[in-house]
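# Structural overview for review
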Amino acid sequence: MIKDSNTLSPRDLAQQYFAMWNTGDTAAAPQILSATWNDHSHPEVADPAGVQAAVAAIRAARPEMRFEIEAILAEDHRVCVVGGIGGVNLPGQAGARLVWLFHVADGRLTDLWTYRAA
């Protein structure tokens, strides 16, 4: 059970976001994501329900996929997560290195930008 999103730090919100993807449990989406959620890399995923549907679809297609977090920097309304995408059989060995930038407002994640690390 997730705590009230207003008690979660920006860092906690980002960790909860990736936990949804890694476990498939998206019940927290309405509590951690803004109703106007905007994934700038995937504009078709436009609200918490869209994220829930995307998680279900991706996990059905690639159940072994896991997001690995290497570092999180968070301050006020910004969160930067460095990590990658790996597999359940390759923990700690992320295949693609990525940087995710989140914007936070009113205790919820509002925006996400994803960049492939060089």
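What this report covers is the structure whose coordinates are included nearby. Quick caveat, the model's predicted, so the values are computed rather than measured.

So, on to the nonpolar core. Counting residues in hydrophobic clusters, the biggest one holds 27 residues, and the most contacted among them are Tyr17, Leu33, Trp37 and Phe102. Mapped onto this core, the elements with two or more residues apiece are α1 (10-23), α2 (29-32), β1 (33-39), α3 (48-61), β2 (65-75), β3 (78-87), β4 (96-105) and β5 (108-116).

For the structure shown, the criterion picks out 2 salt bridges. A salt bridge links Glu64 to Arg62; its shortest N-O distance comes to 3.7 Å. Looking at Glu64, the relative accessible area reads 34%, which means it is partly exposed. Under the relative-accessibility criterion, Arg62 is labelled partly exposed at 40%. Notably, a salt bridge pairs Arg97 with Glu70, separated by 2.9 Å at the nearest N-O pair. Highlighted residues: Arg97 in strand β4 and Glu70 in strand β2, separated in sequence by 27 residues.

What follows covers the pairing of β5. Across 3 bridges, the pairing between β1 and β5 is parallel. From the neighbouring strand, Leu33 faces β5, where its bridge partner is Leu109. Note: β4 against β5, 8 bridges, orientation antiparallel. For Val99, the partnering residue across the bridge sits in β5 and is Tyr115. Hairpin connection from β4 to β5: 2 residues lie between these consecutive antiparallel strands, with Asp106 at a positive phi of about 55°.

A few words now on the sheet that holds β1. Pairing is mixed across the open sheet formed by 5 strands, whose spatial order is β1-β5-β4-β3-β2. The open sheet has two edge strands with one neighbour each: β1 and β2. Put simply, the sheet's adjacent strands are angled 25° from each other on average, direction ignored. With 10 bridges connecting them, β2 and β3 associate as antiparallel partners. Within β3, the residue paired with Phe67 across the bridge is Ile85. Docked against the sheet, α1 engages β1, β2, β3, β4 and β5, running at close to 175° with respect to β2. Seen against the sheet, α3 touches β1 and β2 and runs at an angle of roughly 55° to β1.

Conventions and cut-offs
- Residues numbered from 1 in each chain as written.
- Predicted model: local features only at pLDDT ≥ 70, side-chain atom pairs only at ≥ 80, totals over all residues.
- Heavy atoms only, no water.
- Core = buried A, V, L, I, M, F, W, Y, C linked by side-chain atoms within 4.5 Å.
- Buried < 20%, exposed > 50% of the residue type's maximum accessible area, 1.4 Å probe, protein only.
- Helix = DSSP H or I, 4+ residues; strand = E, 2+ residues; numbered from the N terminus.
- Salt bridge = Lys/Arg side-chain N within 4 Å of Asp/Glu carboxyl O.
- Pairing = 2+ DSSP bridges.
- Axes fitted to C-alpha atoms, helices over the stretch in contact; angles between N-to-C directions.
- Contact = heavy atoms within 4.5 Å.

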